[in-house]
Amino acid sequence: MQARLCRGLTQVALAAMIDKSSGTISKWEKGSQAPESDALDRLASCLGIPASWFLKKTPAYGNQVCFFRSNATVTKEAQSIAQIRLEWLNELSITIQHWIDWPTVNIPNLGKTDHRNISDIEIERMALDIRKTWNLGLGPISDVVLALENAGVVCVREELGYTRMDGASRWFDTDNRPYVFLAADKANGLRNRFDAAHELGHLVLHKAVNNLDFFKRYQELERQAHLFAGAFLLPAESFAAEVMRPNLDTFITLKPRWKTSVAAMIMRCKQLEIIDDEYATRLWKNYSARGWRKGEPLDDQIDFEPIRLLPRAVDLLVSEGGLTKDAVLSALELGASDCEKLCGLPGGYFSQQNFISSLEMVRLKSSSKQHNISGVDRKSADIVQFPTKI
């Protein structure tokens, strides 16, 4: 079912592609019937996934909520695809962790089991506490994604095919680690930074939220994550000190320094009561009059922050770990295209001989900890330090 849903196919559509009935597809997905060898090969070919993938056991991901940052009108299909991509990312990560040590998870937790007991003051304080824990200071954060990866969060960025879906995040029981999906469909580096900070808010504030509360209280959970993102990117004391004249021209001047949108700065000024409701309304009207709702000035001058952890890990396995690209691909048990997208690798990586050539931030496990996967022997390597300067 994962593979079918990830490709956006109904049971009827998939059945037509492999010349089977939708009832047969349903039985396969329920586990009450197994596909014949030739049908399995057709299924794998149509879905672009190795036949071996269908035969392996689905991991126990856990019951944690998958948080979606999306427009209210986004389809359940988009949410399903984002969740499955995170599940596949988790599986790839687990496999790679047989060889490589990820950074230790360092995500402070508010310790509240009910989000309704979280005050806005506590959210502001938590954002500052994380900055302090991660040694980020009170100034602009140069790279939010790098900060997350340094703290042990595994991230992926790819186009989902739905412009109303911005991101998703989830904790997994498989390795007690958080994972973040960032959608690249809107092609806006500033928006992506805010999305990353927003998902961090969910990971910090809402780890104990159950699925029922998530869907019943979605708007409040999103508001809290928004507030956290604003407080994390634009700390009250330091940001307010730079907003001498809270107008659109001032915000445009501050935009390259803080790497946040003018819209986010207006919202932050309102949160901090630098401006009142009436003045905020005037700013939004002026904002619309300038045509900025379709795109702000300088948006195209701030690039997406690169995903580093997974691509460098794969490259390290190939260049220093004694593995061929074919061996890595075989161990990951997904098609080359899915592995390249989920691992942040360039298209065609597994069919090319070139390397990414940048090996910072990950390290191979010592030989005493290594496991033999796909019958491949691996050699140990020197520890490569993970950069901590953001």
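Worth saying up front: this structure is predicted, and the values here are computed from it rather than measured.

Q: Is there a simple way to think about the overall build of the chain in this case?
A: Of the regular secondary structure elements, the chain holds 18 helices and six strands. For the chain, long-range pairs separated by at least 24 residues make up 75% of all intrachain contacts whose partners lie at least 6 apart in sequence. Counting every atom, the chain has about 17800 Å² of accessible surface; 50% of that belongs to carbon and sulfur.

Q: Is there a simple way to explain the nonpolar core in this structure?
A: As a rule of thumb, soluble globular proteins bury nonpolar side chains together. Counting residues in hydrophobic clusters, the biggest one holds 66 residues, and the most contacted among them are W88, I100, W102 and F350. The biggest single contributor to this core is helix α6 (residues 76–96), with nine residues. Residue contacts for W102: discarding those within four places in its chain leaves S93, I96, Q97, V154, R177, L309, L310, A313 and V362. Core analysis: the next-biggest nonpolar cluster, separate from the first, contains 53 residues, W134, I141, A147 and V262 among them.

Q: What am I meant to see in the packing of aromatic side chains here?
A: For any pair of aromatic rings, the description rests on two quantities: the centre-to-centre distance and the angle between the ring planes. The tally for this structure, following the rule as stated, stands at 10 aromatic pairs. Here the aromatic rings of F228 and F232 are separated by 5.8 Å at their centres, their planes lie at 10°, and the arrangement is stacked. Remark: F232 and F228 occur in helix α11 (residues 218–233); sequence separation between them is four residues, near one turn of the helix. Each member of the pair, F228 as well as F232, carries the same accessibility label: buried. By the ring-pair criterion, three or more aromatic residues cluster together here, those being W53, F54 and W88. Of note, R170 hangs over the ring of F172, and the distance from its end group to the ring centre comes to 4.6 Å. The cationic tip of K325 hangs over the ring face of Y349; the distance from NZ or CZ to the ring centre is 3.9 Å.

Q: Can you help me understand the confidence of the model for the chain in this one?
A: When pLDDT drops low, the exact placement of atoms in the prediction is not to be read closely. Looking at the chain as a whole, its pLDDT mean stands at 86, while 89% of the residues score no less than 70. Contacts for the low-pLDDT stretch residues 355–359, under 50 throughout, to residues beyond four places or in other chains number 17 contacts. Ignoring residues within four places in sequence, the model shows residues 368–389, a span with pLDDT below 50, making 52 contacts including any to other chains.

Q: Explain helix α4 (residues 37–47) to me, please; I cannot follow it from the model alone.
A: Since one α-helical turn is 3.6 residues long, residues separated by three or four positions face the same way. Those residues of α4 that sit buried are A39, L40, L43, A44 and L47. Looking down the long axis of α4, one finds its buried residues gathered within 135° of arc, a one-sided arrangement. Those residues of α4 that are exposed and angled more than 90 degrees off the buried face are S37 and S45. At the exit of α4 stands G48, carrying a positive phi of roughly 70°.

Q: Can you walk me through the pairing of strand β4 (residues 165–172) in this structure?
A: Remark: a regular strand shows side chains that alternate across the two faces of the sheet. Burial of β4 is extensive: eight of the eight residues sit out of reach of the surface. Across six bridges, β4 lies against strand β5 (residues 177–183) in antiparallel orientation. If you follow S169 over to β5, its bridge partner there is V180. Hairpin connection from β4 to β5: four residues lie between these consecutive antiparallel strands, with N176 at a positive phi of about 50°.

Q: Is there a simple way to think about the pattern of salt bridges in this case?
A: Close approach of charged atoms allows side chains of opposite charge to pair. A complete count under the given rule lists 23 salt bridges for this structure. Between R268 and E124 there is a salt bridge, with its nearest N and O atoms 2.7 Å apart. Of this pair, R268 sits in helix α14 (residues 262–271) while E124 sits in helix α7 (residues 120–133), and the two are 144 residues apart along the sequence. Comparing R268 with E124, the two get one shared label, buried. Between K255 and D299 there is a salt bridge whose closest N-O contact spans 2.6 Å. Here K255 is found in helix α13 (residues 248–258), whereas its partner D299 is found in the loop between α15 (277–289) and α16 (309–319), with 44 residues between them in sequence. Among the charged side chains, a salt-bridge network with shared partners connects R7, R85, E158 and D338.

Q: I'm lost on the side chain of H198 in this one. Help?
A: As for its placement among the helices and strands, H198 is situated in helix α9 (residues 189–205). In this structure H198 comes out as buried when scored by relative accessible area, which is 0%. Setting aside anything within four residues of it in sequence, one finds H198 in contact with R69, E222, A225, H226 and A229.

Q: Can you help me understand the packing of α7 against α11 in this one?
A: Running from amino to carboxyl end, α7 crosses α11 at an angle of 45°, the nearest separation of the two axes being 9 Å. Taken together, the axes of α7 and α11 are oblique relative to one another. In terms of crossing hand, the pair formed by α7 and α11 is right-handed. Across the interface between the two elements, D120, I123, E124, M126, A127, I130 and R131 from α7 touch R223, Q224, L227, F228, A231, F232 and L233 from α11.

Q: Got a minute to help me understand unusual backbone geometry in this structure?
A: Most peptide bonds take the trans form, and the phi angle of most residues other than glycine is negative. Here the phi dihedral of D19 falls at roughly 60°; this positive angle occurs in a residue that is not glycine. One can find D19 in the loop between α2 (11–17) and α3 (22–30). Owing to a relative accessible area of 68%, D19 belongs among the exposed residues under this scheme.

Q: Help me out: how do you make sense of the pairing of β5 in this one?
A: In terms of burial, β5 is a largely internal element, seven of the seven residues being buried. Going residue by residue along β5, you find R177, Y179, F181 and A183 tucked away on one face and P178, V180 and L182 tucked away on the opposite face as well. One ladder, built from five bridges, connects strand β3 (residues 154–158) with β5; its direction is parallel. Paired with V154 across the bridge in β5 is Y179.

Q: Sorry if this is basic, but what is going on with the packing of α14 against α15 here?
A: Between two packed helices, both the angle of their axes relative to each other and the distance between the axes serve to describe the pair. Between α14 and α15, the least distance of the axes is 10 Å, while the angle of their chain directions is 170°. Relative to α15, the element α14 lies roughly antiparallel. Listed contacts from α15 to V262, A263, I266, M267 and K270 of α14 are D277, A280, L283, W284 and Y287. Split into classes, the residues belonging to the contact of α14 with α15 amount to eight nonpolar, no polar and two charged.

About the criteria used
Residues numbered from 1 in each chain as written. Predicted model: local features only at pLDDT ≥ 70, side-chain atom pairs only at ≥ 80, totals over all residues. Heavy atoms only, no water. Helix = DSSP H or I, 4+ residues; strand = E, 2+ residues; numbered from the N terminus. Contact = heavy atoms within 4.5 Å. Areas by Shrake-Rupley, 256 points an atom, 1.4 Å probe, with all protein chains shown as cover. Core = buried A, V, L, I, M, F, W, Y, C linked by side-chain atoms within 4.5 Å. Buried < 20%, exposed > 50% of the residue type's maximum accessible area, 1.4 Å probe, protein only. Phe/Tyr/Trp six-rings, centres within 6.5 Å; stacked < 30°, edge-to-face > 60°. Lys NZ or Arg CZ within 6 Å of the ring centre and 35° of its normal. pLDDT = per-residue confidence, 0-100. Arc of directions from axis to C-beta. Pairing = 2+ DSSP bridges. Salt bridge = Lys/Arg side-chain N within 4 Å of Asp/Glu carboxyl O. Axes fitted to C-alpha atoms, helices over the stretch in contact; angles between N-to-C directions. Parallel < 35°, antiparallel > 145°, perpendicular 65-115°, else oblique. Left-handed = near helix turned anticlockwise from the far one by under 90°. Nonpolar A, V, L, I, M, F, W, Y, C, P; charged D, E, K, R; others polar.

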